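An overview of the molecular structure
Listed here are the chains, written in short residue letters.
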Amino acid sequence: MTGRPLSFADASLNADRRTSELAQLASRTDPVDVLVIGGGVTGAGAALDAAARGLSVVLVEAHDLAFGTSRWSSKLVHGGLRYLATGNIAIARESALERHRVMTVIAPHLVRPVGQLLPVYSDTPFVAKVAARAGMFAGDVLRHNAKTPATVLPRSRRISAQRAGELCPGIRTDGLRSAVLGHDGQLIDDARLVVALARTAAGLGASICTYTRASDVTGHGALLTDTRTGHSFPIAARSVINATGVWSGQVDDSIRLRPSRGTHLVVDAAAVGNPTAALTVPMAGSISRFVFALPQQLGRVYIGLTDEDAPGDIPDEPTPSKNEIDLLLNTINQALSRELTRSDIRGTYSGLRPLIDDGGTGERATADLSRNHLVRVSPTGVITVVGGKLTTYRQMAQDAVDEAVQRGGIRAASCETESLALVGAVGRTGDSTLPESLVARFGAEAERVLETATVSNPAGRIAEDIDVTRAEVQYALTAEGALNVDDILARRTRIALVPSDADAARPAVTEIVKAAVSASA
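Just so it is clear, the model here is predicted, and its values are computed rather than measured.

Let us look at the overall build of the chain. For the chain, the helix and strand inventory stands at 15 helices and 20 strands. Relative to the globule expectation of 24 Å for 521 residues, the C-alpha radius of gyration of the chain, 22 Å, shows essentially globular dimensions. Taking the principal axes of its C-alpha atoms as reference, the chain extends roughly 70 × 60 × 45 Å. Buried positions account for 57% of the 521 residues belonging to the chain. Residue pairs in contact within the chain that sit at least 24 positions apart in sequence constitute 71% of those at least 6 positions apart. Placing the 54 positive and 56 negative side-chain charges of the chain at their respective mean positions leaves the two points 5 Å apart.

Taken residue by residue, a regular strand's side chains alternate between the two faces of the sheet. Taken across its six residues, strand 1 (residues 32-37) has six buried, putting it largely inside the fold. Note: strand 1 against strand 10 (residues 232-242), five bridges, orientation parallel. Within the sheet, the bridge partner assigned to Ile 37 lies in strand 10 and is Asn 242. Summarising the sheet, strand 1 and strand 2 (residues 57-60) pair through four bridges and their orientation is parallel.

What follows covers the pattern of salt bridges. A complete count under the given rule lists 36 salt bridges for this structure. The residue Arg 494 makes a salt bridge to Asp 189 at a minimum N-O spacing of 2.8 Å. Of this pair, Arg 494 sits in the loop between helix 14 (485-492) and helix 15 (499-520) while Asp 189 sits in the loop between strand 6 (176-187) and helix 7 (190-203); the two residues are 305 residues apart in sequence, bridging distant segments of the chain. There is no split in this pair, since Arg 494 and Asp 189 are both buried. Among the salt bridges present, the one from Arg 494 reaches Asp 190, with a minimum N-O distance of 2.8 Å. With a gap of 304 residues between them, Arg 494 in the loop between helix 14 and helix 15 and Asp 190 in helix 7 connect regions that are remote in the sequence. An identical accessibility class is assigned to Arg 494 and Asp 190; each is buried. Connected via shared salt-bridge partners are Asp 64, Asp 486, Asp 487, Arg 491 and Arg 492.

Right, let's get into unusual backbone geometry. Even without being glycine, Asp 216 reaches a positive phi, approximately 50°. For Asp 216, the location among the structural elements is in strand 8 (residues 212-218). We note that Leu 298 has phi near 60°; this positive angle belongs to a residue other than glycine. Note on placement: Leu 298 falls in the loop between strand 13 (290-296) and strand 14 (300-304). Under the relative-accessibility criterion, Leu 298 is labelled buried at 15%.

This part takes up the nonpolar core. Among the nonpolar cores identified, the biggest contains 53 residues, and Val 36, Val 57, Leu 193, Leu 197, Ile 208, Ile 241 and Leu 422 are the most heavily contacted of them. Only strand 1, helix 2 (41-52), strand 2, helix 4 (89-106), helix 7, strand 18 (383-387) and helix 10 (393-408) provide two or more residues apiece to this core. Here the element with the most residues in this core is helix 7; it accounts for nine residues. In contact with Leu 422, not counting residues within four places along its chain, are Leu 48, Ile 106, Ala 107, His 109, Leu 193, Ala 196, Leu 197 and Thr 200. Core analysis: the next-biggest nonpolar cluster, separate from the first, contains 31 residues, Ile 159, Leu 176, Leu 328 and Leu 329 among them.

With that settled, the discussion passes to the packing of aromatic side chains. Scanning all chains against the criterion turns up four aromatic pairs. Where Tyr 302 meets Tyr 349, the ring centres are 5.6 Å apart and the plane angle is 80°; that geometry is what we call edge-to-face. Placement of the pair is Tyr 302 in strand 14 and Tyr 349 in strand 16 (residues 345-353), with a sequence separation of 47 residues. Residue Tyr 302 is classed as buried on the basis of its relative accessible area, which comes to 4%. Here the aromatic rings of Phe 442 and Tyr 475 are separated by 5.8 Å at their centres, their planes lie at 80°, and the arrangement is edge-to-face. Highlighted residues: Phe 442 in helix 11 (residues 436-442) and Tyr 475 in helix 13 (residues 470-478), separated in sequence by 33 residues. Of the two residues, Phe 442 and Tyr 475, neither departs from the other in class, the shared state being buried. In textbook terms, an aromatic cluster arises when at least three aromatic residues are bridged by ring pairs, as seen for Trp 72, Tyr 302 and Tyr 349.

Thresholds, definitions, all that
Residues numbered from 1 in each chain as written. Predicted model: local features only at pLDDT ≥ 70, side-chain atom pairs only at ≥ 80, totals over all residues. Heavy atoms only, no water. Helix = DSSP H or I, 4+ residues; strand = E, 2+ residues; numbered from the N terminus. Rg over C-alpha atoms; globule rule 2.2 N^0.38 Å. Buried < 20%, exposed > 50% of the residue type's maximum accessible area, 1.4 Å probe, protein only. Contact = heavy atoms within 4.5 Å. Lys, Arg positive; Asp, Glu negative; His and termini not counted. Charge placed at Lys NZ, Arg CZ, Asp CG, Glu CD. Pairing = 2+ DSSP bridges. Salt bridge = Lys/Arg side-chain N within 4 Å of Asp/Glu carboxyl O. Core = buried A, V, L, I, M, F, W, Y, C linked by side-chain atoms within 4.5 Å. Phe/Tyr/Trp six-rings, centres within 6.5 Å; stacked < 30°, edge-to-face > 60°.

What follows is the structure, encoded as structure tokens:
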């Protein structure tokens, strides 16, 4: 691992730091090296990349970190098997390599291997059986080429029907002959990855300014507005990176996107037998698209993913269609012993993929559009990075910063992010008394979350049956940049993915937020 060592204090984001940095920026007369617009995974990755090269960096986000598409993923750091199935070898290799980096160096504390179980029934077509095994073998080739050891990501294999039932107790056993078991990387949470990237960038000197809107954007700066106070001021920059995802066209009107909506259902893990592997069911008529029932934190399973054309205005929080919900239920029910109904759904979420409109003719489905990313310079000099996917955020960020350095004539060190560990990744705690869920979400910082807490009953749960501690809520405010109750419920903890959970936790979270505001007043 390379890169400069970080102190926890340097990497802390909070209201006081935000206020101080906005004041400093408002009075600054010389340009910053890089202004990054957008606080999703690509924007946070670009801020980290630029800061690690020794540049002065400002990231602004109109809402909170991970407010947009970055928090609506399947929480997978995947190896690109789907892209290999569609003939895109280059992007499949890139995905496998970036997965390797995230799982071994960048954020091993936030990602773990998850089994992907594809059942084989007596009536499964022969072609589907061959395709399943061939696909898993191809996945092994990608893993091997990326040099990911089997101790990190186990090899695929065929397993018995009995073993399949042990991994996915809710699986339909009638006619079950065997199953193919592969593995991929699964994040504890996508929003936590974004926060870790932003905090690591802050530890290297980047200014991370949430609730700060950029307007009048050119390749040499923008007008920034603190949306909490209404105060506006100009900022000059040698290079400007537009990393706003599906909103990229609002910053650079030369960009043409065709957003695609991906929807997930949230159900209780008990409703599908508390699986420890992801049940994987092919979509009708496809050899490259599947519906997954993915075991997740907080006792939930996420069922997804759709790929629906989403024309029109870009909402802050997309909502699923009835057809998407029906598609997911109907597909996953093919492999369940007890069929799920709408009454089993505890929550839903949808995200918009910022797919590049390549101008092709015909009525191609969004699933057929390229997942390659694009770095483009607008006529005004704004560098837009768009497309791609969560797994390859680091390469996208590197390409964008490379362009920023070149176009801005900036002296910079070479990219370090291939081997730069995020905050929490190094020195994992050996304290076996810590809650497992706390270690899964914070890695090496888990002990510090409890040790620095000043709230009453820090190790106590924020609400009954929700394994988020009161100390985590306070830490979200003191170190992770949360500024309000919604930041905590919706993005630092993901409690809000189930509305009834959010209702249960809101009183205690509100109490802690109010106490923090009073203490800093």
